[in-house]
Amino acid sequence: MDAVLVINADLGPLHQVTVQHAIRMLCRRVAEIHEAEPDQVIGIFPVPRVVRLVRYVVTRWRFSAGPAWSRGGVLRRDGRRCAYCDAPASTIDHILPRSRGGRNTWKNTTAACYECNQRKGDRTPAEADMPLRREPVTPTWVALAGR
């Protein structure tokens, strides 16, 4: 187990952390072990699977605005697949190029392989005759966490 689930005081899931981070949370007494690996210990603590926060953390912000844009988030949203040829993607492409006023937004960026990104260059998909296989969307927190 290299990931430990962190749940809120009301037992709602929040996120995952490393085992080392979970042990630090236990040492600082901000969390308690909710579920542990049987017969495995780190120092005085059983190896946690799930830790529960001692105090409730308000998470309304997570569900109101949605996640902020990031390169890693775009790659994760698109499953690391190129939007033009479906090959493995390693770069981000702006549908409306930044030189023409395109912004770093969920609906203006998509994952792309290096070859397609270079071929498209400073043009729109229509100008480059490279149609998108899927339209970019603004993901939800759940969609990003589930991949």
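The rules we used
- Within each chain, residue numbers correspond to sequence positions counted from 1 in written order.
- Under the rules for a predicted model, residues below a pLDDT of 70 receive no local features and side-chain atom pairs below 80 are neither given nor counted, while totals for whole chains, interfaces and linings still include all residues.
- To get the side-chain values, all heavy atoms of the structure are used, and hydrogens and water are removed first.
- Any residue under 20% of the maximum accessible area for its type is buried, any over 50% is exposed, and the rest in between are partly exposed; the area is computed with a 1.4 Å probe on protein chains only.
- By the criteria applied, helices consist of DSSP H or I runs no shorter than four residues and strands consist of E runs no shorter than two, each listed in order from the N terminus.
- Two strands form a pair only when DSSP identifies at least two bridges running between them.
- Residue contacts are defined here by distance: any two heavy atoms, one from each residue, within 4.5 Å place the two residues in contact.
- Under the rule applied, a polar contact is a pair of N or O atoms within 3.5 Å (in protein, one hydrogen donor and one hydrogen acceptor; residues adjacent in sequence only if both atoms are side-chain atoms).
- What makes a salt bridge here is a side-chain nitrogen of Lys or Arg within 4 Å of a carboxyl oxygen of Asp or Glu, nothing more.
- For helices, the fitted axis covers only the stretch in contact; all axes are lines through C-alpha atoms, and the angles between them, taken along N-to-C directions, range from 0 to 180 degrees.

Draft legend 1. Molecular detail of unusual backbone geometry. Positioned with a positive phi, Arg29 is a non-glycine residue whose angle comes to about 65°. Judged by its relative accessible area of 70%, Arg29 falls in the exposed class. Even without a glycine there, the phi angle at Asp39 is positive, about 60°. Among the structural elements, Asp39 can be located in strand 3 (residues 31-42). Judged by its relative accessible area of 84%, Asp39 is exposed.

Draft legend 2. Looking closely at the pairing of strand 2 (residues 13-17). Pairing between strand 1 (residues 4-7) and strand 2: 4 bridges, direction antiparallel. Directly across from Leu5, in strand 2, lies its bridge partner Gln16. Between strand 1 and strand 2, which pair antiparallel in sequence order, lie 5 residues; one of them, Leu11, sits at a positive phi of approximately 75°.

Draft legend 3. Expanded view of the environment of Arg134. As for its placement among the helices and strands, Arg134 is situated in the loop between helix 4 (114-120) and helix 5 (141-145). Note on Arg134: relative accessible area 28%, which makes it partly exposed. Setting aside chain neighbours within four positions, we find Arg134 in contact with Asp78, Arg81, Cys82, Ala83 and Asp86. In terms of polar contacts, Arg134 uses its side chain to reach the backbone carbonyl oxygen of Arg81, at 2.8 Å.

Draft legend 4. Summary view of the pattern of salt bridges. Enumeration over the complete set of coordinates arrives at 7 salt bridges. Measuring nitrogen to oxygen at the nearest pair gives 2.8 Å for the salt bridge that ties Arg77 to Asp78. Both residues of the pair, Arg77 and Asp78, count as buried. Taken together, the shared-partner salt bridges connect Glu35, Glu37 and Arg49 into one network.

Draft legend 5. Quick look at the sheet that holds strand 3. With mixed pairing, the 4 strands of this open sheet are ordered in space as 2-1-4-3. This sheet does not close on itself; its edge strands, each paired only once, are strand 2 and strand 3. Sheet twist, expressed as the average angle between the axes of neighbouring strands with direction ignored, equals 25°. The sheet contact formed by strand 1 and strand 4 (residues 45-53) spans 3 bridges and is parallel. Note that in strand 4 the partner of Val6 across the bridge is Val51. Across the sheet, helix 1 (residues 19-27) is in contact with strand 1, strand 2, strand 3 and strand 4; its angle to strand 4 comes to roughly 75°.

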